[in-house]
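# Structure assessment
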Amino acid sequence: MNAPKDIVDHYLGEFRAGRCDDAFHCLIEADPAVISDLICAYEDTTDLNIKVFVIEVISEFHLDSSPGFLRHALRRDEPRIWKAALNGIAMAETAEAVDAMDHVLWSVHDSDKKNWVEEAITDTNAARMKRTKQDGSSNGG
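Below or above, wherever it landed, is the structure these notes cover. This one's a predicted model, so the numbers in the text were calculated from it and none came from an experiment.

Definitions and cut-offs
- Residues numbered from 1 in each chain as written.
- Predicted model: local features only at pLDDT ≥ 70, side-chain atom pairs only at ≥ 80, totals over all residues.
- Heavy atoms only, no water.
- Axes fitted to C-alpha atoms, helices over the stretch in contact; angles between N-to-C directions.
- Helix = DSSP H or I, 4+ residues; strand = E, 2+ residues; numbered from the N terminus.
- Parallel < 35°, antiparallel > 145°, perpendicular 65-115°, else oblique.
- Contact = heavy atoms within 4.5 Å.
- Nonpolar A, V, L, I, M, F, W, Y, C, P; charged D, E, K, R; others polar.
- Salt bridge = Lys/Arg side-chain N within 4 Å of Asp/Glu carboxyl O.
- Buried < 20%, exposed > 50% of the residue type's maximum accessible area, 1.4 Å probe, protein only.
- Expected span 1.5 Å × (residues − 1).
- Polar contact = N/O pair within 3.5 Å; in protein donor to acceptor, adjacent residues only side chain to side chain.
- Phe/Tyr/Trp six-rings, centres within 6.5 Å; stacked < 30°, edge-to-face > 60°.

Contact geometry for helix α4 (residues 48–61) and helix α6 (residues 79–91): axes closest at 9 Å, N-to-C directions at 5°. Taken as axis vectors, α4 and α6 run roughly parallel relative to one another. In this structure, α4 uses Leu48, Asn49, Lys51, Val52, Ile55, Ser59 and Glu60 to contact α6, whose residues at the interface are Arg80, Ile81, Ala84, Ala85, Gly88 and Met91. Looking at the contact of α4 with α6 residue by residue, the classes come out as seven nonpolar, three polar and three charged.

Take a look at the structure:
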């Protein structure tokens, strides 16, 4: 089971069988090459639980390619999907993450979702500032 697609298929099967934690931890420890197959699995299913699971797994990789996928998921209307995507984007605590959230914010019409995105932007900016201060003081500044 070395091919990324085989790995994804196996652990999505484990997830469906109720071994969610095992599937999650094994996938996040897998080679990042599994991400494209995870995205395909996301796109090929209508199962909301699988979609949210895939978003959560991809979020853990913190790759430069992830924000595009997560931003697309954030645009969805299903609260479980956009909340998982929002969490994944915010976890990155980068300027790109803030830009992605801000970009989506302008197209959001639902006031609850808009509030969540605005709060995530505020929290992410605060975390970035805190990290910058900590990095500055640990460098003797």
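Bringing the pattern of salt bridges into the picture now. For the structure shown, the criterion picks out three salt bridges. In this structure, Arg19 and Glu14 form a salt bridge, with 2.7 Å as the shortest nitrogen-oxygen distance. In this structure Glu14 comes out as buried when scored by relative accessible area, which is 15%. Put simply, Glu93 and Arg131 hold a salt bridge, and the shortest N to O gap is 3.2 Å. Of this pair, Glu93 sits in the loop between α6 and α7 (95–105) while Arg131 sits in helix α8 (residues 111–138), placing them 38 residues apart in sequence. Its relative accessible area of 28% is what places Glu93 among the partly exposed residues.

Its 13 residues place the ends of α6 18 Å apart at the C-alpha level, agreeing with the 18 Å of an ideal helix rising 1.5 Å per residue. One side-chain oxygen at the N-terminal end of α6 lies 3.2 Å from the backbone nitrogen of Arg80; it belongs to Glu78. Where α6 ends, the next residue or the one after it, Glu93, has phi of about 50°, a positive value.

So, on to the packing of aromatic side chains. Taken as a whole and assessed by the stated rule, the structure comprises four aromatic pairs. Ring plane angle 65° and centroid distance 6.4 Å describe the contact between Phe24 and Phe53, whose orientation is recorded as edge-to-face. On the criterion of sequence distance, the pair formed by Phe24 in helix α2 (residues 20–28) and Phe53 in helix α4 is long-range, its members being 29 residues apart. Judged by its relative accessible area of 17%, Phe24 is buried. Arranged with centres 5.7 Å apart and planes meeting at 85°, the rings of Trp82 and Trp116 form a pair that is edge-to-face. Placement of the pair is Trp82 in helix α6 and Trp116 in helix α8, with a sequence separation of 34 residues. Residue classification places Trp82 among the buried positions, given a relative accessible area of 3%. Note on Trp116: relative accessible area 39%, which makes it partly exposed. Put simply, the rings of Phe15, Phe24 and Phe53 touch in pairs and so form one group of aromatic residues.

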